[in-house]
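# What the coordinates show
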Amino acid sequence: MKILFAASEALPFIKVGGLGDVMGALPKELVKKGIDARVVIPMYSVMAQKMRDMCKFEKFFYFSLGWRSCYCGIFSAQADGVTYYLIDNEQYFKRGGTYGEFDDAERFAFFSKAVLEILPQIDFFPDIIHANDWHTALVPVYLDTQYRSIPGYGSIKTVFSIHNIEFQGKYDMSILESVFGIYPSQRSLLEFDGCINLMKGAIECSNIVTTVSRTYAEEILDPYFSFGLHPILEARKYKLHGIVNGIDTELFNPETDANIKTNYSVKTRGSKRFDKKALQQEVGLPELPNVPVLGLVTRLTPQKGIDLFEPILAELMEMDVQVVVLGNGYADYENYFKYCDYTYHDKFRAMIKFSAPLAQRIYAGADIFLMPSKSEPCGLAQMIAMRYGTIPVVHAVGGLKDTVIPFNPETGEGTGVTFQSFNAGDMLDAIRRAIDIWKDKEQRKAIMLNAMSGDYSWNASAEEYRELYESL
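Everything in this summary refers to the structure shown in the same document. It should be emphasised that the depicted structure is a prediction, and the values quoted were computed from it without experimental measurement.

## Digging into the overall build of the chain
Looking only at helices and strands, the chain has 18 helices and 18 strands in total. Taking 23 Å as the expected radius of gyration for a compact globule of 472 residues, we find that the chain reaches 23 Å, a close match to that expectation. Taking the principal axes of the C-alpha coordinates as reference, the chain spans close to 65 × 45 × 40 Å. Counting only residues that meet the buried cut, the chain has 60% of its 472 residues in that class. A separation of at least 24 residues holds for 71% of the contacts in the chain among residues at least 6 apart in sequence. Accessible surface, the chain as shown: approximately 18700 Å² in total, 49% of it carbon and sulfur. Where the 48 positive side-chain charges of the chain centre and where its 59 negative ones centre are 4 Å apart.

Written out as structure tokens, the structure is:
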């Protein structure tokens, strides 16, 4: 079986969010199962030079996108048994970043069409193309409207994964033909709520639509979570499947993680205290072993539940705790956490940036990990935290609900603490419960054992994907 993943990011080459993690881990796991899984991504100029040096130039050619003739360079690379193809076009990908450009519509229309155009060039016609999020939503649309009659393309099936339904690729209808090269007679595939909606087009044209957790697949049928797309998803519900993500358990492994002070395992979990001490030293907090450290590693956006902190922060700071925040995002949230750092400097630290090595040290050094997301398609941080023996406190939505089992002090079962409503008071109550568990040595031992013994690998999820592909 041959699978081609199309995505806007993938480890080890480029990562912006969780999609990059998934595209680095899932294809690798499928290859272990005997599947010829390959990945195609853009070749961004911001990609690290050492990764660019891994890439071998294959060839270049030109293809048409609307009225434009576009250069398309093909590079290839091998990583963990997976073949990666990187699409080169400096007009579109020689930028200061990856997303958020004024011409993203055109950039990712080019990329989506390039995914299909390169197939004869690389002599690889997959059984299934698996597209991901709005950046590649046009792949199944272009395949159905422009390529089906071309030899080699007719039998290709398509899977489309929604990693975050909030971002749908919405544009004015006036650019349908000039930018996307889609004829007005085909506008019904993409038109929704008075505009172009690329994700809607992918839902219409794909054979199967997946989301990254079972609960999220149910939630996006509800107007509260769907950002307007629930009528389309309800009508195409027969296509919808939820498969929870895993994490790369080789990368996120407290026994071998080179980013942390002291490595430890389930059996040597007591050594976690050295990572806590190292974290306190690094961020400049008092080295207090009996005070729980609460960690937050996140993008600072409304989706991540940042609004819940302000109503309860003063009360939280009256408790015997320390808080470490790592992340960046909306300026208002960044400024708020800077204010918290200044006001509660002996208990609160905010690093307004993103640093993967520091994130690892927070996972390892914190006692409790906060993840109060308003919505969370899957989430990886809660699974990483559990693997490192850090108690997750999560809002029970999406993948958080699917992966964190509420701890029961009576039975000693469970891996974390959950709260049901998106409410600051409920979050504070959950934090209190987590602190109580942490302070009780027997309960702390039980929850750490449960969390660190969990299977968060891609093995089971990749098997579900394999079965899904075989069904096509």
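Moving on from the coordinates now.
## Focus on the pattern of salt bridges
Scanning all chains against the criterion turns up 23 salt bridges. The residue Lys32 makes a salt bridge to Glu29 at a minimum N-O spacing of 3.7 Å. Residue Lys32 and its partner Glu29 are both found in helix α1 (residues 18-32); the two are separated by three residues, about one turn of the helix. We classify Glu29 as buried; its relative accessible area is 14%. With a shortest N-O distance of 2.6 Å, Glu315 and Arg432 are connected by a salt bridge.

## What about the environment of Ala460?
Looking at the element boundaries, Ala460 is found in helix α18 (residues 459-471). Residue Ala460 is classed as partly exposed on the basis of its relative accessible area of 46%. Along the sequence, Ala460 and Glu29 sit 431 residues apart, while their C-alpha atoms lie 9.7 Å from each other.

## Let's talk about the layout of surface pockets
In this model, the second largest pocket occupies a volume close to 450 Å³. Contributions of two or more residues to the lining of the second largest pocket are made by α10 (272-283), α16 (424-439) and α17 (441-452). The dominant element in the lining of the second largest pocket, judged by the number of residues it contributes, is α17, at five residues. Here the residues of the lining of the second largest pocket sort into four nonpolar, three polar and ten charged.

## Overview of the pairing of strand β15 (residues 348-351)
On β15, burial covers both faces: Phe348 and Ala350 on one face and Arg349 and Met351 on the other are all buried. Bridge count between strand β14 (residues 322-326) and β15: four bridges; the pairing is parallel. In the sheet register, Val325 faces β15, and the bridge partner there is Ala350. Once you follow β14 into helix α12 (residues 331-343) and on to β15, the crossover reads as right-handed.

## Here's the deal with the environment of Phe5
Take Phe5: it is sitting in strand β1 (residues 2-6). Residue Phe5 is classed as buried on the basis of its relative accessible area of 0%. Remark: the alpha-carbon pair of Phe5 and Val39, spanning 34 residues in sequence, is separated by 4.6 Å.

## Some thoughts on the packing of aromatic side chains
One pair of aromatic rings is described through two measures. These are the centre distance and the angle between the planes. Counted by the stated rule, this structure contains 26 aromatic pairs. Pairwise contacts between aromatic rings join Tyr44, Phe61, Phe63, Tyr92, Phe93 and Phe110 into one cluster. One cation-aromatic arrangement involves Arg68 over Trp67; the distance from NZ or CZ to the ring centre is 5.1 Å. If you follow Lys113 out to its NZ or CZ, it ends over the ring of Tyr142, 5.9 Å from the centre.

## A few points about the sheet that holds strand β17 (residues 391-395)
With parallel pairing, the six strands of this open sheet are ordered in space as β15-β14-β13-β16-β17-β18. Two strands close off the open sheet at either side, each with one partner strand: β15 and β18 (417-419). Within this sheet the neighbouring strands show an average axis-to-axis angle of 15°, counted without direction. In this fold α10 packs onto β13 (293-297), β14 and β15, with an angle of close to 70° to the strand it touches most, β13.

## Section: a nonpolar patch on the surface
Among the surface-exposed residues, Phe57, Phe60 and Tyr62 lie close enough to one another that they form a single nonpolar patch of about 340 Å² accessible area. Its place among the elements puts Phe57 in strand β3 (residues 56-65). Residue class for Phe57 comes out partly exposed when judged on its relative accessible area of 41%.

## Quick look at the nonpolar core
With 97 residues, the main nonpolar core has Leu86, Ile118, Ile162 and Phe180 as its most contacted residues. Counting residues per element, this core draws most heavily on helix α4 (residues 104-122), which supplies eleven residues. Aside from chain neighbours lying at most four places away, what touches Ile162 is Asp133, Met199, Ile203, Val209, Thr210, Thr211, Val212, Tyr216, Ile220 and Leu233.

Thresholds, definitions, all that
Residues numbered from 1 in each chain as written. Predicted model: local features only at pLDDT ≥ 70, side-chain atom pairs only at ≥ 80, totals over all residues. Heavy atoms only, no water. Helix = DSSP H or I, 4+ residues; strand = E, 2+ residues; numbered from the N terminus. Rg over C-alpha atoms; globule rule 2.2 N^0.38 Å. Buried < 20%, exposed > 50% of the residue type's maximum accessible area, 1.4 Å probe, protein only. Contact = heavy atoms within 4.5 Å. Areas by Shrake-Rupley, 256 points an atom, 1.4 Å probe, with all protein chains shown as cover. Lys, Arg positive; Asp, Glu negative; His and termini not counted. Charge placed at Lys NZ, Arg CZ, Asp CG, Glu CD. Salt bridge = Lys/Arg side-chain N within 4 Å of Asp/Glu carboxyl O. 1 Å grid on protein atoms, 1.4 Å probe; cavity = no way out; pocket = protein on both sides within 12 Å on 5 of 7 lines; lining within 4 Å. Points joined across faces, edges and corners; volume = space filled by probe spheres on them. Nonpolar A, V, L, I, M, F, W, Y, C, P; charged D, E, K, R; others polar. Pairing = 2+ DSSP bridges. Right-handed = clockwise from strand over helix to strand, strands pointing away. Phe/Tyr/Trp six-rings, centres within 6.5 Å; stacked < 30°, edge-to-face > 60°. Lys NZ or Arg CZ within 6 Å of the ring centre and 35° of its normal. Axes fitted to C-alpha atoms, helices over the stretch in contact; angles between N-to-C directions. Patch = residues over 30% accessible without salt bridge, like charges linked within 9 Å, V, L, I, M, F, W, Y side chains within 5 Å. Core = buried A, V, L, I, M, F, W, Y, C linked by side-chain atoms within 4.5 Å.

Without other data, these values stay purely geometric and don't point to any function.
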